[in-house]
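What follows is each chain in one-letter form.
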Amino acid sequence: MQESRLAAQQRAMDRAFGVDLLDHARCVERTPAPGNPDRPGASGVPASASASPAAPGSLAPRPVPVLGGAGSESAPPKPRPLAPLGAAPGSSTSSSGGSGVAPRSSAGGSSEAIGIGGIGRRLELQGERLSLLEALRERHAAACPHCTRATGHTNLVFGEGSPNADLVFVGEAPGETEDQTGRPFVGKAGQKLDEMIAAMKLRREDVYIANVLKSRPPNNRTPLQTEVDGCGPYLIEQLCILRPRVIVTLGGPATKLLLATEVGITRLRGTWGAWQAPAWTGLDLSVPVMPTYHPAYLLRNYTAQTRGEVWADLQAVMARINA
Ligand code: URA
């Protein structure tokens, strides 16, 4: 009874947004594994379909922290403090205190709202973030205490997406397809994530997608704490460069790392938290976090209830981004 009411709700939501957000038939695995929402398992499965085009995500200038300076060769676990870049012209600091996070325009950063100068600055920031991300990618590959020692993986999966993304999704670790391609979320779970992004009226290239670990754990096992301790700080640096408006954590490991909690995802999902940049970054930065189920967990527990819960979480994110 409850199930059919939820199913009806889900159908209504799907209709409302013109997308079958969680179309089970298209990508659910044939043999569902037992569901553990905290450990969905990075799925090594066939390549994804790409998300359908939709309105581009909003972009607005945010200052970029400058990585490097003296000791730029060093890497976590003794990360260097991140020095803030000066604020964008006309911007003031907000949640970041002295670190210079620029406020977003009320329209979410549309080109009309920020004007020609704004577009120029936005492109400049995009370029700065791109080169900072590229430098981080290289430094991670050369120095990550976990990934440089890990064996059994083929490629590092650094993360990808818009350097100006309002929204960052953080998963757990690459699966088999991700390991083969060097790209995050391109297997079956990635296909589901693509659908979720499309249902939010965003394109995959509007958001940024990263993982707690950048190399595939053997047999897709849960990341060990030592692995998270080694590789996690690079995700933190990535987030400091990106400074999104919202982070969505997909599943337990990402939620635990960014919210510094041991509480399980079933309890935390759907409730806003905040990621605070750790003191070693030198940034006073706080980003709202919406924890939700990992798409792999969703695929393995594909009920009207789990679909409805994820969709509710995504709607809360959309409301926040569009506010
Ligand atoms: N699962 C993850 O957590 N990350 C990926 O990139 C793919 C599957």
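Residues numbered from 1 in each chain as written. Predicted model: local features only at pLDDT ≥ 70, side-chain atom pairs only at ≥ 80, totals over all residues.

## Focus on the overall build of the protein
So the rule is basically this: In this description a helix means any DSSP run of H or I spanning at least four residues, a strand means any run of E spanning at least two, and both kinds are numbered starting from the N terminus. Put simply, a residue is buried when 20 or more other C-beta atoms lie within 10 Å of its own C-beta and exposed when 12 or fewer do; between those, it is partly exposed, and each C-beta is set from the backbone. By definition, residue pairs are in contact when their C-beta atoms, positioned from the backbone, come within 7 Å.
Each helix and strand counted, the protein has ten helices and six strands in total. Of all 323 residues assigned to the protein, the portion counted as buried reaches 50%. For the protein, the share of sequence-separated contacts (at least 6 apart) that also reach a separation of at least 24 residues comes to 78%.

## Some words on helix α5 (residues 188-199)
Rules: Any helix carries an expected span of 1.5 Å times its number of residues minus one.
Counted at 1.5 Å a residue, the expected span for α5 with its twelve residues is 16 Å, and the 17 Å between its end C-alpha atoms agrees. Within α5, twelve of the twelve residues are buried, leaving the element largely enclosed by the surrounding structure. Among the residues of α5, K188, A189, G190, Q191, K192, L193, D194, E195, M196, I197, A198 and A199 are the ones counted as buried. Residue K201 follows α5 closely and has a positive phi angle near 65°.

## Brief notes about the pairing of strand β6 (residues 286-292)
Note the following rule: Two strands are counted as paired when DSSP detects at least two bridges linking them.
Most of β6 is tucked away, with five of its seven residues classed as buried. Direction of pairing for strand β4 (residues 246-250) relative to β6: parallel, over a ladder of four bridges. Residue T249 lies in a different strand from β6, and its bridge partner there is P291. Note: strand β5 (residues 273-276) against β6, four bridges, orientation antiparallel. Within β6, the position partnered with G273 by the bridge is V289.

## Quick notes on the sheet that holds β5
The pairing of strands in a sheet happens through backbone hydrogen bonds and is either parallel or antiparallel. Note the cut-off: An axis is simply a line fitted to the C-alpha atoms; with a helix, the fit covers only the stretch in contact. Between two such axes, the angle follows the N-to-C directions and lies from 0 to 180 degrees.
Judged by pairing direction, the sheet is mixed, and its six strands sit side by side in the order β1-β3-β2-β4-β6-β5 without closing on themselves. Of all strands in the sheet, those with a lone pairing partner are β1 (160-161) and β5, marking the two edges. Together, β2 (167-171), β4 and β6 form the strand contacts of helix α10 (residues 304-322), whose direction differs from that of β6 by roughly 160°.

## Examining the nonpolar core
The nonpolar side chains of a soluble globular protein tend to be buried with one another. Filter applied, for reference: Think of a nonpolar core as buried Ala, Val, Leu, Ile, Met, Phe, Trp, Tyr and Cys residues chained together by C-beta atoms that fall within 7 Å.
Judged by nonpolar contacts, the single largest core of 64 residues is most densely connected at V168, F169, V170, V207, V212, I247 and V248. Sort the elements by how many residues they give to this core and helix α6 (residues 225-242) lands first, with eight residues. With residues near it in sequence (within four places) discarded, I247 still touches V168, V170, L258, W275, V287 and V289.

## Topic: the pairing of β4
The buried count for β4 comes to five of five residues, which makes it a mostly enclosed element. Where burial is concerned, the two faces of β4 agree: the one with V246, V248 and L250 and the one with I247 and T249 are both buried. Examined bridge by bridge, β2 and β4 share four bridges and lie parallel to one another. Opposite F169, over in β4, you have V248 as the bridge partner.

## Focus on unusual backbone geometry
For N220, which is not a glycine, the phi torsion comes out positive at approximately 60°. Structurally, N220 is set in the loop between β3 (208-211) and α6. Residue classification places N220 among the partly exposed residues on the basis of 19 C-beta atoms within 10 Å. The backbone phi angle of A260 is positive, close to 50°, even though this residue is not glycine.

## Here we look at α10
Condition: What the arc covers is the set of directions going from the helix axis to the C-beta atoms.
Between its first and last C-alpha, α10 extends 26 Å over 19 residues, near the 27 Å set by a 1.5 Å rise per residue. Three or more residues of α10 are buried, namely T306, R307, V310, W311, D313, L314 and V317. Summarising the axial view, the buried residues of α10 lie within an arc of 155°, below the 170-degree limit, and thus occupy one face. Across from the buried face of α10, at angles greater than 90 degrees, the exposed residues are A319 and N322.

## Remarks on the environment of A274
Tracing the backbone through its elements, the reader meets A274 in strand β5. Taking the number of C-beta atoms within 10 Å as the measure of exposure, A274 has 12 and is therefore exposed. Sequence separation between A274 and S286 is twelve residues; the distance between their C-alpha atoms is 6.2 Å. When sequence neighbours within four positions are dropped, the list of residues in contact with A274 reads S286, V287, P288 and V289.

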